[in-house]
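Below, each chain spelled out in residue letters.
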Amino acid sequence: MKEPTSFTDLGLNPQLIRALAGAGYEKPTEIQRKSIPPILAGQAVIGIAQTGTGKTAAYLLPVLFRIKYADGSEPRALILLPTKELAVQVAAYARKLAIYTDIRIVELYGGVGLKRQVEQLGAGADVVVATPGRFMELYLRGELPVKQIKTLVLDEADRMMDMGFMPQLRRIFEVIPQKRQNLLFSATFPPRVEKLAEEFLEFPVRVEVTPQATVADRIEQQLYYVPNLKTKINFVEYLLRQPGFTRVLIFTRTRASANHVYRFLERKKLGPVRVIHSNKSQNTRINAMQQLKEGNLRVLVSTDVSARGIDVSRLSHVINFDVPLMYDDYVHRIGRTGRALETGVAITLATEADRYHIKKIEALIRQSIPVCNLPEGVQVEETPQQELQQMRREIDEQKKKENPEYRGAFHEKKRKY
Ligand code: AMP
């Protein structure tokens, strides 16, 4: 069989494909290519993939595909996660992917009153995203009909085991229908998870993405902590005024920052420079890559998606203007330097809020990235209040993800339920 290379090849419906295009996803990731077909075929699947590989959509897409539209009032799919933050995050993600359908997604988690969640369930739910404790609490109160549940997803299974959720999970398996499709996703597969999988999946298909984290030795990696966006821009300017930066690829997380960096470099006459992202036509992108290859371009600014799969070698430098959130991308990005050259330099700019992601990347590549001091010549700017708050909020979210007990130094305004 031909390897599916697009979301259409995977057999997803137009509603989902439209949502994926809206999210800026152009191609399925490896774990998505491997898991979506067996899940669509109704098989039990064990997916071993770390955060950052696209593993959430790897189960959300086929689950949403099979649910198709709102029907009746009782949930048909249940996704269990270890923490409130993850439940909120995955429910929001599912809503984003289901935006062109009428599928109703409800998240259930503890630490807040029951009233609103009960009301939401009463109004009808197709997919429930829950933490085990609250799920059981609502079930025992008779507020959560479970008879129609045909798909169960256990995500972050390793963390659920670490947090001692096994007894709760067993009780849930007892109350939901026996005849159902089971999916288990986990970043790692220690014996405890293996035992859980044996207990609850029959003849599973096991799909795995091995962290293809070999960073070629000839690539010199440098990591700089930079306080804010403005200083990052100043630093890029500083770098591009140094000798040796002859063929540079700059990666950004979003289209907006790609455009921002591009306009700045144009204004400072540090080019020739061009920008590519998913809003640019295929022709424009190929053209820009060609120019870079031929040496007619000094700098190309790009988002990850646009640069994937395009082969430009002989780059002098790769600059990660932002730390990638899909951690695999770090390997892809820096793999672009040092290909044909003897050595290449990959420079990563990180803020305080990126320390968390850097740690994950270092775990993935199984090496630490050398931290360098910002050179004297870089103009360091004050961090605007809004940017500072945004970073603090991100750090809080990360801490909560790691430790559900963490209450947060930065208090969000209390939501009204
Ligand atoms: P996850 O591994 O599920 O935590 O996903 C990591 C990040 O990858 C999230 O920010 C997703 O929005 C993003 N993502 C997931 N699938 C794709 C895709 N096919 N193309 C681009 N980005 C994706």
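All figures in this text were calculated on a predicted structure; none of them were measured in a lab.

A. Structural context of the environment of I358. The topology assignment puts I358 in helix 15 (residues 355–365). By relative accessible area, I358 is classed as buried at 3%. Separated by 133 residues in the primary sequence, I358 and Y225 place their C-alpha atoms 11 Å from one another.

B. Layout of helix 4 (residues 84–97). End to end, helix 4 covers 20 Å across 14 residues, agreeing with the expected 20 Å (1.5 Å per residue, within 8%). Every buried residue belonging to helix 4 is among E85, L86, A87, V90, A91, Y93, A94 and L97, and all of these are buried.

C. Broad picture of the packing of aromatic side chains. Per the stated rule, a full pass over the model turns up four aromatic pairs. Ring centres 4.7 Å apart and planes at 5 degrees place the aromatic pair F173 and F200 in the stacked group. A residue pair is termed long-range when its members are at least 10 positions apart, and F173 in helix 8 (residues 166–175) and F200 in helix 9 (residues 191–200) qualify at 27 residues. When the centroid spacing of 4.7 Å and the interplanar angle of 65 degrees are considered together, the rings of Y224 and F235 count as edge-to-face. Of this pair, Y224 sits in strand 8 (residues 219–225) while F235 sits in helix 10 (residues 229–240), and the two are 11 residues apart along the sequence. Here the two residues Y224 and F235 agree in accessibility, since each one is buried. Grouping aromatic residues by their ring pairs yields a cluster made of Y224, F235 and Y238. The ring centre of Y225 lies 3.9 Å from the NZ or CZ of R355, which sits over that ring.

Rules of the game
Residues numbered from 1 in each chain as written. Predicted model: local features only at pLDDT ≥ 70, side-chain atom pairs only at ≥ 80, totals over all residues. Heavy atoms only, no water. Helix = DSSP H or I, 4+ residues; strand = E, 2+ residues; numbered from the N terminus. Buried < 20%, exposed > 50% of the residue type's maximum accessible area, 1.4 Å probe, protein only. Expected span 1.5 Å × (residues − 1). Phe/Tyr/Trp six-rings, centres within 6.5 Å; stacked < 30°, edge-to-face > 60°. Lys NZ or Arg CZ within 6 Å of the ring centre and 35° of its normal.

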